[in-house]
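Here is how the chains run, residue by residue.
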Amino acid sequence: MKNNQIFRRAISLAVPMMIQNGITNAVSLVDNVMVGKLGTEAITAVSIAGQLIFVFNLAIFGGLSGPGIYGAQYYGQKNKEGFQSTVRIKHMIGLGVLVLGLCAFIFGGEFLIDLYLRGESKDIDPVLTMEHAKSYLGIMLWGLPAFVLTQIYAGSLRETGASLMPMAAGIVSVATDVVGNYLLIYGKFGFPQMGVEGAALATVISRIAEMLIVITITFIMRKKHDFVVGLYKTMRVPRDIAPKIIQKSLPIFFNEFLWAGGMAALTQCYSRRGLDIVAGLNISNALCNLLNVVFIALGNAVGILIGQTLGASRYKDAKEEAFRMMWFTGGVSFILTVILISIAGVFPSLYDTTEEVRSYATFFIVITALFFPLQGFLNALYFTLRSGGKTLVTFLFDSVFTWIIAVPAAALLCSLTSLPILAVFAIVQSADFIKVTIGYILIKKGVWISNLVDENR
């Protein structure tokens, strides 16, 4: 009965997130295919700019996740004032990351893009790729403020268990994006034919639509979501909890930022073998990201549910639920592996690119799929550690590991060996077995179990 109860709670919380993120990634996939019809340079440009935006998005996610840990526990404790304090801190962190991100992209965007254009390719024009990437990135910047506000509100709603409304807003957003892409990329029904720039503009419009829906409905339903009542009467946060929340938040922020930066650095390492690799990875990621939302959403659900259980001081239940959910998530991810491998040879044919790029994409999909069960288990493990406030551990465990092990390994293998790029990719992926082993030992020892909100009394 306990097994069924935790699985039902996790699924009820995770499914709306899966649907929202799945639809979002499905639209990204459709966008990717639409842009793919414009040629290999367009595919590569959007991939490069997307890597940079990805780092920003993960920085926001990391910055807001620290207060979110406290938010879930305050909600489990039924402490409205404490929950509101976490939302106010999210606003401050979001604004700070937004300003830094805009400065980095505006003043250093061209330099960052150029890092990916140093590999040789007989079929891809690096000058045209640079032009496309700069145009795409420049327009995407206008949607970043809306993205930040959406994450603040959607994350806070999910911490209360209300994940349906962010899902509905996400559905409207992606529908807007699909229609906008069709109209603006190809210039249909009298709209200008903007190509890559049209894809970026459609995304910005969809981000704004999502923000307006989430914030408006939250305030309309303020009796249910009462944390918004009086939320902006002050932006002060009590001195006794603010330092502790910030202390827990900083490792998560730097972890997500550095991890995303590490993923971008890995792609840059692979790009040394040629721009065809970047295009192949982009196609692979477009498909794999559509399915990995399942174990990512389950991981988020694990963090929220375990956090609420810890906030209620039910420590034994928290440990039992953590183990059940790790194995459950890993098992679900095995099903995703089978699905991905079965369509790996078909999906790349949707792109108007070279046979070499399609071949790379197929094998990248297969290799990524084989590691899905490991990633699912690891994701649940990571959020379990974080739910108890062990943010420094997850920082060392995740981003530090990426920069000390994964990135140097990729750089050395790409630069100093003649190993095929697919072999290099697989070796780097397999390094995660080290993280799973260490993390499992930490979970089993129970070093992560703590009630953070009781510590603040």
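What you are looking at is a predicted structure, and each value in this text was computed from that prediction instead of being measured.

**Student:** How do you make sense of the overall build of the protein when you look at a structure like this?
**Tutor:** Per the secondary structure count, the protein includes 16 helices and zero strands. Expected size for 457 residues packed as a compact globule is a radius of gyration near 23 Å; at 22 Å, the protein falls within 12% of this value. Counting only C-alpha atoms, the protein reaches 65 × 50 × 40 Å along its principal axes. A buried classification covers 58% of the 457 residues belonging to the protein. Element-wise, carbon and sulfur atoms account for 67% of the exposed surface of the protein, whose accessible area totals about 19,000 Å². Separation of charge centres in the protein, based on 35 positive and 27 negative side chains, amounts to 14 Å.

**Student:** Where do I start with empty space enclosed by the protein in this structure?
**Tutor:** Leftover empty space is mapped by rolling, across the atoms, a probe with the size of a water molecule. A complete count under the given rule lists two cavities of 30 Å³ or more for this structure. By volume, the second largest cavity amounts to about 70 Å³. Every residue along the wall of the second largest cavity is listed here: Ile-53, Asn-57, Met-140, Gly-143, Leu-144, Phe-147, Thr-203, Val-204 and Arg-207. The set of elements that each furnish at least two residues to the lining of the second largest cavity consists of α2 (40-76), α5 (144-159) and α7 (196-220).

**Student:** What is the right way to read the packing of aromatic side chains from this model?
**Tutor:** Centre-to-centre distance and the angle between the planes together describe a pair of aromatic rings. Within this structure, the stated rule accounts for 15 aromatic pairs. Relative to Tyr-351, the ring of Phe-347 has its centre 5.6 Å away and its plane inclined at 75 degrees; by these criteria the two rings are edge-to-face. On the basis of relative accessible area, Tyr-351 is assigned to the buried category, the value being 1%.

**Student:** Hey, could you run me through the packing of α2 against helix α8 (residues 242-271) in this one?
**Tutor:** In contact at an axis separation of 7 Å, α2 and α8 are set at 160 degrees when each is read in the N-to-C sense. Here α8 runs roughly antiparallel to α2, going by the angle between their axes. For the element pair α2 and α8, the recorded crossing hand is right-handed. In terms of residue class, the contact of α2 with α8 is made up of 16 nonpolar, eight polar and three charged.

**Student:** Looking at this model, I keep getting lost on helix α11 (residues 355-370). Mind explaining?
**Tutor:** Every α-helical turn comprises 3.6 residues, leaving residues that sit three or four positions apart pointing alike. Compared with the 22 Å implied by 1.5 Å per residue over 16 residues, the 23 Å span of α11 between its first and last C-alpha is a close match. Taken residue by residue, α11 has Val-357, Arg-358, Tyr-360, Ala-361, Thr-362, Phe-364, Ile-365, Ile-367, Thr-368 and Ala-369 as its buried positions.

**Student:** Please explain the environment of Gly-170 as it appears in this structure.
**Tutor:** With respect to the helices, strands and loops of the structure, Gly-170 is situated in helix α6 (residues 164-186). Along the sequence, Gly-170 and Thr-203 sit 33 residues apart, while their C-alpha atoms lie 12 Å from each other.

**Student:** Explanation requested: helix α14 (residues 421-430) in the structure shown.
**Tutor:** Every buried residue of α14 is accounted for by Ile-421, Val-424, Phe-425, Val-428 and Gln-429. End-on view of α14: buried residues confined to an arc of 135 degrees, all on one side of the axis.

**Student:** Help me understand the pattern of salt bridges in this model?
**Tutor:** A side chain with one charge may pair with a side chain of the opposite charge, provided their charged atoms come close. Applying the stated criterion across every chain yields a total of four salt bridges. Across the pair Arg-358 and Glu-355 runs a salt bridge whose closest N-O atoms are separated by 2.7 Å. Taken together, the residues span about one helical turn, with Arg-358 and Glu-355 both in helix α11 at a distance of three residues. Among the salt bridges present, the one from Lys-435 reaches Asp-432, with a minimum N-O distance of 3.6 Å. Of this pair, Lys-435 and Asp-432 both sit in helix α15 (residues 432-445), separated by three residues, roughly a single helical turn.

**Student:** How should a nonpolar patch on the surface be read in this particular structure?
**Tutor:** A surface patch of nonpolar side chains, amounting to about 260 Å² of accessible area, comprises Ile-11, Val-15, Ile-19 and Ile-171. Take the nonpolar patch: its biggest share by element is three residues, from helix α1 (residues 2-36). We classify Ile-171 as partly exposed; its relative accessible area is 33%.

**Student:** Would you take a moment to explain the environment of Asp-398 for this structure?
**Tutor:** Mapped onto the fold, Asp-398 is located in helix α13 (residues 391-416). Taking the C-alpha atoms as reference, Asp-398 lies 18 Å from Leu-298; in sequence the two are 100 residues apart. Excluding residues that lie within four positions of it along the chain, Asp-398 makes contacts with Asn-255, Trp-259, Tyr-382 and Lys-435.

**Student:** Could you clarify how one ought to interpret the nonpolar core in this entry?
**Tutor:** General note: in soluble globular proteins, nonpolar side chains tend to be found buried as a group. Residues Tyr-270, Leu-340, Phe-347 and Ile-421 are the most contacted members of the largest nonpolar core, which totals 71 residues. It is helix α9 (residues 275-311) that contributes the most residues to this core, 19 residues altogether. Residues in contact with Phe-347, not counting those within four places in the same chain, are Leu-29, Val-33, Ile-283, Leu-287 and Ile-365. Membership of the second largest hydrophobic core comes to 62 residues, among which are Met-34, Leu-52, Met-130 and Val-196.

**Student:** Can you walk me through the side chain of Thr-329 in this structure?
**Tutor:** Here Thr-329 is to be found in helix α10 (residues 315-343). Of the residues examined, Thr-329 reaches a relative accessible area of 0% and is grouped as buried.

**Student:** Can you walk me through the layout of surface pockets in this structure?
**Tutor:** Counted as a void, the largest pocket has a volume near 510 Å³. Surrounding the largest pocket, 23 residues form its lining, Leu-52, Val-55, Leu-112, Phe-257 and Gly-261 being those nearest its centre. Counting only elements with at least two residues in the lining of the largest pocket, the list comes to α2, α3 (80-114), α8 and α13. When residues of the lining of the largest pocket are assigned to their parent elements, the largest contribution, seven residues, is made by α8. Along the lines of polarity and charge, the residues of the lining of the largest pocket split into 19 nonpolar, three polar and one charged. Empty space within the second largest pocket amounts to approximately 270 Å³. Along the wall of the second largest pocket there are 13 residues; nearest its centre are Tyr-75, Phe-83, Thr-160, Lys-224 and Asp-226.

Here is what the cut-offs are and how they apply
In this convention, every chain numbers its residues from 1, walking through the sequence in written order. With pLDDT at 70 or above as the cut-off, local features in this predicted model cover only qualifying residues; side-chain atom pairs require 80 or more to be listed or tallied, and sums for whole chains, interfaces and linings still use all residues. Based on all heavy atoms of the structure, the side-chain values leave hydrogens and waters out of the count. Each helix is a run of H or I in the DSSP string that is no shorter than four residues. Each strand is a run of E no shorter than two, and both are numbered from the N terminus. Radius of gyration: over C-alpha atoms. The globule rule applied is 2.2 Å multiplied by the number of residues raised to the 0.38 power. Summary of the burial criterion: residues with accessible area below 20% of their type's maximum are buried, those above 50% are exposed, and those between are partly exposed, where the area comes from a 1.4 Å probe applied to protein chains only. Each accessible area is a Shrake-Rupley estimate made with a 1.4 Å probe; only the visible protein chains count as cover when residues are assessed. Under the convention used here, Asp and Glu are negative, Lys and Arg are positive, and both His and the chain ends fall outside the count. Where a charge lies is defined by one atom per residue type: Lys uses NZ, Arg uses CZ, Asp uses CG and Glu uses CD. Only protein atoms enter the 1 Å grid, on which a cavity is a set of points fitting a 1.4 Å probe that cannot get out and a pocket is an open set with protein on both sides within 12 Å along at least 5 of 7 lines, lining residues being those with an atom within 4 Å of a point. Grid points are joined across faces, edges and corners, and a volume is the space filled by probe spheres set on the points. Aromatic contacts are taken between Phe, Tyr and Trp rings whose centres are within 6.5 Å, Trp giving its six-membered ring; a plane angle under 30 degrees counts as stacked, one over 60 as edge-to-face, and the others as tilted. Axes, fitted as lines to C-alpha atoms, cover a helix only where it is in contact. Angles between the N-to-C directions of the axes lie from 0 to 180 degrees. Note that the term roughly parallel is reserved for angles under 35 degrees, roughly antiparallel for angles over 145, roughly perpendicular for angles of 65 to 115, and oblique for everything else. Two helices crossing with the near one rotated counterclockwise from the far one by less than a right angle form a left-handed crossing, whereas a clockwise rotation gives a right-handed crossing. The classification used treats Ala, Val, Leu, Ile, Met, Phe, Trp, Tyr, Cys and Pro as nonpolar, Asp, Glu, Lys and Arg as charged, and all other residues, Gly among them, as polar. The length a helix should cover is 1.5 Å for every residue beyond the first. Working definition: the arc comes from the directions between the helix axis and the C-beta atoms, pointing outward to the latter. In what follows, salt bridge is the name for a side-chain nitrogen of Lys or Arg lying within 4 Å of a carboxyl oxygen of Asp or Glu. Patch membership requires more than 30% relative accessible area and the absence of a salt bridge. Residues of like charge join within 9 Å; the nonpolar side chains Val, Leu, Ile, Met, Phe, Trp and Tyr join within 5 Å. Note on definitions: a residue-residue contact is assigned when non-hydrogen atoms from the two residues lie within 4.5 Å. Definition of nonpolar core: a set of buried residues of the types Ala, Val, Leu, Ile, Met, Phe, Trp, Tyr and Cys, connected through side-chain atoms within 4.5 Å.

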